[in-house]
Amino acid sequence: MKRIIAFIFIFLVIAIIPLLAPRGYDYAGLNAITFVTSKDIDDENYISIKSGNDYFIKVDKTRALELAKKLDIKGYNLHFDRSSDVEALKAHFIDYCMPKFEVNGIEILEGYTKSYCDFRIVEGKKINVQMAILKNEIIIGFPLILTGF
């Protein structure tokens, strides 16, 4: 009888622990990253767009790490397929989410994540992540979507 109880206990532990473990995000739907920097990049392999005092440099995900090493980054945007799971993205990137709202038919989520140290004060609250759900893509910006959408 003790063996049966021990077997059942071990079986339940093995079955339940994976369900309780924190889940990461696999980034499968990530297509590109836009870096926001205060200085232009002197590299013909990248195209930068000047907007005000900032430069926006959008690259596919395979070249992002290489470029990030060359920049003084003020912020960045992650560009996901529209088919990506919005709730999974929200759960992975936003620790605290304010109520969503719409701007010109675009659903916007703002919130805070412990994973990114910079922030802006918006309506008296610390905000350091913003998500825009467009018709063709989902953009997640840190500390905000500084490039427009």
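Scroll up to find the structure.
Here we look at the overall build of the protein chain
Within the protein chain one finds 3 helices and 11 strands. The helix and strand sequence of the protein chain, counted from the amino end, reads α-β-β-β-α-β-α-β-β-β-β-β-β-β. Sorting the 149 residues of the protein chain into buried and exposed places 37% on the buried side. Contacts in the protein chain between residues at least 24 apart in sequence constitute 54% of all its contacts with a sequence separation of at least 6. Entry remark: accessible area of the protein chain is about 9800 Å², with carbon and sulfur atoms responsible for 58%.

Some details on the nonpolar core
As a rule of thumb, soluble globular proteins bury nonpolar side chains together. Core analysis: the biggest nonpolar cluster contains 24 residues, and Leu67, Leu78, Phe80, Phe93, Met131, Ile138 and Ile140 have the highest contact counts within it. Contributions of two or more residues to this core are made by strand 1 (30-37), strand 3 (54-60), helix 2 (64-68), strand 4 (73-81), helix 3 (86-93), strand 10 (129-133) and strand 11 (137-142). Ignoring any residue separated from it by four or fewer positions in sequence, one finds isoleucine 138 in contact with Leu78, His79, Phe80, Asp81, Arg82, Ser84, Val86, Leu89, Met131, Ala132 and Ile133. Counting 6 residues, the second largest nonpolar core, distinct from the first, contains Ile108, Ala132, Leu134 and Ile139.

Notes on the packing of aromatic side chains
Summed over the entire model, instances satisfying the criterion amount to 5 aromatic pairs. A ring pair is formed by phenylalanine 93 and phenylalanine 142, whose centres lie 6.0 Å apart and whose planes are at 55°; its orientation type is tilted. Taken as a pair, phenylalanine 93 in helix 3 and phenylalanine 142 in strand 11 lie far apart in primary sequence, 49 residues in all. The exposure classification of phenylalanine 93 matches that of phenylalanine 142, with both residues buried. An aromatic cluster of three or more residues is present, and its members are Tyr76, Phe80, Phe93, Tyr116 and Phe142.

Procedures and definitions
- Residues numbered from 1 in each chain as written.
- Predicted model: local features only at pLDDT ≥ 70, side-chain atom pairs only at ≥ 80, totals over all residues.
- Heavy atoms only, no water.
- Helix = DSSP H or I, 4+ residues; strand = E, 2+ residues; numbered from the N terminus.
- Buried < 20%, exposed > 50% of the residue type's maximum accessible area, 1.4 Å probe, protein only.
- Contact = heavy atoms within 4.5 Å.
- Areas by Shrake-Rupley, 256 points an atom, 1.4 Å probe, with all protein chains shown as cover.
- Core = buried A, V, L, I, M, F, W, Y, C linked by side-chain atoms within 4.5 Å.
- Phe/Tyr/Trp six-rings, centres within 6.5 Å; stacked < 30°, edge-to-face > 60°.

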